[in-house]
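So the chains spell out like this:
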Amino acid sequence: MPPDRLGFGFNTLDRAANHRTDKPWLEALRQSGKARLIRLHGDRVRIADGHVEFGQPESEGAIFLGLDSAGHAWFAEEGNFDGGTDLRSIAVGGLVPPDELGLLAQARSLLVWHARRSFCSNCGARTEIQDGGYRRHCPSCKMDHFPRTDPVVIMVAIRDGACLLGRQKSWAPGMYSALAGFMEPGETIEDAARREILEEAGIRIGAVHYIASQPWPFPSSLMIGLIGEAETSDIKLDQLELEDARWFPANEVRAMLAGTHPSLRCPPPMAIANHLLESALARCAAIR
Ligand SMILES: [Zn+2]
């Protein structure tokens, strides 16, 4: 799969992790004419002429994102403005180039983390931003805190040429997608996926195949996309989690992907579930 097809998954910035611990280096970059600042208000950003709007970073508190291939240094900070467009709409509509969407995902996840972690979770003292925004240090108990990423397993189970998909009550009518859930501590990716499918649909999964991953900045998930080979087929629905789950034959999935199904649809190509369904169809065809 080309890396720029998944929304938020294509980030070409050099994060300069070896340099960003160097405060004078970072300060010189920020004050250079090649610095660019994007401002987010929650998950909204202003776009103009098909690009993310940017200005000059004026405050030392801006988070460093990285260097682009033209040598521009990108920074981000939380703003307070009216209007703008939310990240989901930008991704679904393809309103900015794929690499700018990747940069927005990085900025959004980092900014949310800073907004929620101003105080030390160990002793309660106010923490300080370090390393361009990739560490918060507690001056009181000396603990370092690092930005979080929350892994989520998302899986299409296959059996006898059919794909297991489910839907939540809150989704748009006719929308079905891959089942997903947060990983828990002490779990492998494979076991987390098997647990989720068993809990939500009562299906036992054997072999698990990794397909791709996708940053999902709402606010800081990483979707880990998998195909699972189901060993059972009788669905027992967890009605707290799902409104419905069903086995969809390949021809029906094909129609959902193509947008030609009379009543059902699946997530758009910017979402990893769409690519998992394509991989699942290819795998089903290869098994036959
Ligand atoms: Zn502390």
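Every value quoted in this text rests on a predicted model; they were computed, and no experiment measured them.

Participant: Account for the overall build of the chain, naming residues and giving values.
Facilitator: Assigned secondary structure in the chain consists of six helices and 16 strands. Looking at the 288 residues of the chain, the share that counts as buried comes to 48%. Across the chain, every contact between residues at least 6 apart in sequence was considered, and the portion connecting residues at least 24 apart equals 64%. For the chain, the accessible surface area stands at approximately 14,300 Å², while carbon and sulfur atoms represent 50% of it.

Participant: Give a description of the layout of surface pockets that names residues and reports values.
Facilitator: Put simply, the largest pocket is a space of about 840 Å³. Every residue lining the largest pocket is counted, 33 residues in all, and those nearest its centre are Ile 154, Trp 171, Ala 180, Trp 216 and Met 223. When residues of the lining of the largest pocket are traced back to their parent elements, those giving at least two are helix H2 (87–93), strand S11 (150–159), strand S13 (179–182), helix H4 (189–201), strand S14 (205–216), strand S15 (221–230) and helix H6 (272–287). Among the elements that line the lining of the largest pocket, the one with the most residues is S13, at four residues. If you add up the space inside the second largest pocket, you get close to 340 Å³. Arg 15, Gln 106, Ser 109, Thr 149 and Pro 215 are, among the 18 residues lining the second largest pocket, the residues nearest its centre. Going through the elements one at a time, helix H3 (98–116) and S15 are the ones with two or more residues in the lining of the second largest pocket.

Participant: Kindly report on the coordination of the zinc ion, identifying the contributing residues and their values.
Facilitator: Of the protein atoms, only Cys 120 (SG), Cys 123 (SG), Cys 138 (SG) and Cys 141 (SG) coordinate the zinc ion, at distances of 2.3 to 2.4 Å. For the zinc ion, all donor residues lie on one chain, and their spacing in sequence is C-x2-C-x14-C-x2-C. Highlighted residues: Cys 120 in the loop between H3 and strand S8 (128–130) and Cys 138 in the loop between strand S9 (135–137) and strand S10 (144–145), separated in sequence by 18 residues. Both residues of the pair, Cys 120 and Cys 138, count as buried.

Participant: So what about the nonpolar core? Which residues, and what values?
Facilitator: One finds Phe 8, Ile 38, Leu 65, Leu 104 and Val 156 to be the most contacted residues of the largest nonpolar core, which totals 51 residues. Residues within four places of Val 156 in sequence aside, it is in contact with Cys 163, Leu 164, Leu 165, Ala 178, Leu 226, Ile 227, Gly 228, Leu 276, Leu 277 and Ala 280. Counting 18 residues, the second-largest nonpolar core is a separate cluster that includes Leu 179, Ala 192, Ala 201 and Leu 242.

Participant: Requested: an account of helix H5 (residues 250–258), with residues and values cited.
Facilitator: An α-helix turns once per 3.6 residues; consequently, residues spaced three or four apart project the same way. For H5, the complete set of buried residues consists of Ala 250, Val 253, Ala 255 and Met 256. The elements touched by buried residues of H5 are strand S12 (162–167), strand S16 (244–249) and H6.

Participant: Break down the sheet that holds strand S5 (residues 63–67) for me, with residues and values.
Facilitator: Working definition: the strands of a sheet are paired by backbone hydrogen bonds and lie parallel or antiparallel to each other. Strand order in the open sheet made by the five strands is S5-S6-S1-S2-S7, with mixed pairing throughout. Every other strand in the sheet has two partners, leaving S5 and strand S7 (85–86) as the edge strands with one partner each. Bridge count for strand S1 (residues 35–41) against strand S2 (residues 44–45) is two bridges, and the pairing is antiparallel. In the sheet register, Leu 40 faces S2, and the bridge partner there is Val 45. Docked against the sheet, H3 engages S1, S2, S5 and strand S6 (73–78), running at close to 160° with respect to S5.

Participant: Break down the packing of H5 against H6 for me, citing the residues and quoting the values.
Facilitator: Relative to each other, H5 and H6 sit at 145°, their axes nearing to 11 Å. Our pair here, H5 against H6, has a crossing hand that is left-handed. Touching Ala 250, Val 253, Arg 254 and Leu 257 of H5 are Asn 274, Leu 277, Glu 278 and Leu 281, all from H6.

Participant: Please give an account of the packing of aromatic side chains that cites residues and values.
Facilitator: One pass over the structure, following the stated rule, counts seven aromatic pairs. Note on Phe 8 and Trp 216: the rings are 5.7 Å apart at their centroids and 85° apart in plane angle, and the pair reads as edge-to-face. One end of the pair, Phe 8, is in the segment before helix H1 (23–31); the other, Trp 216, is in strand S14, and 208 residues separate them in sequence. A residue is classified by how much of its surface remains accessible, and Phe 8, at 2% relative accessible area, is buried. Where Tyr 176 meets Phe 248, the ring centres are 5.0 Å apart and the plane angle is 65°; that geometry is what we call edge-to-face. Taken together, the positions of Tyr 176 in the loop between S12 and S13 and Phe 248 in strand S16 put the pair 72 residues apart, joining distant regions of the chain. Residue class for Phe 248 comes out buried when judged on its relative accessible area of 1%. Through pairs of rings, three or more aromatic residues link up here, namely Phe 8, Trp 216 and Phe 218. In this structure, Arg 20 packs its charged tip against the face of Tyr 134, placed 3.6 Å from the ring centre. One Lys or Arg, Arg 88, reaches over the ring of Phe 218 and ends 3.9 Å from the middle of that ring.

The rules behind each value
Residues numbered from 1 in each chain as written. Predicted model: local features only at pLDDT ≥ 70, side-chain atom pairs only at ≥ 80, totals over all residues. Heavy atoms only, no water. Helix = DSSP H or I, 4+ residues; strand = E, 2+ residues; numbered from the N terminus. Buried < 20%, exposed > 50% of the residue type's maximum accessible area, 1.4 Å probe, protein only. Contact = heavy atoms within 4.5 Å. Areas by Shrake-Rupley, 256 points an atom, 1.4 Å probe, with all protein chains shown as cover. 1 Å grid on protein atoms, 1.4 Å probe; cavity = no way out; pocket = protein on both sides within 12 Å on 5 of 7 lines; lining within 4 Å. Points joined across faces, edges and corners; volume = space filled by probe spheres on them. Donors = N, O, S within 2.8 Å, 3.2 Å for Na, K, Ca; no water. Core = buried A, V, L, I, M, F, W, Y, C linked by side-chain atoms within 4.5 Å. Pairing = 2+ DSSP bridges. Axes fitted to C-alpha atoms, helices over the stretch in contact; angles between N-to-C directions. Left-handed = near helix turned anticlockwise from the far one by under 90°. Phe/Tyr/Trp six-rings, centres within 6.5 Å; stacked < 30°, edge-to-face > 60°. Lys NZ or Arg CZ within 6 Å of the ring centre and 35° of its normal.

Purely spatial values, then, with no claim about function.
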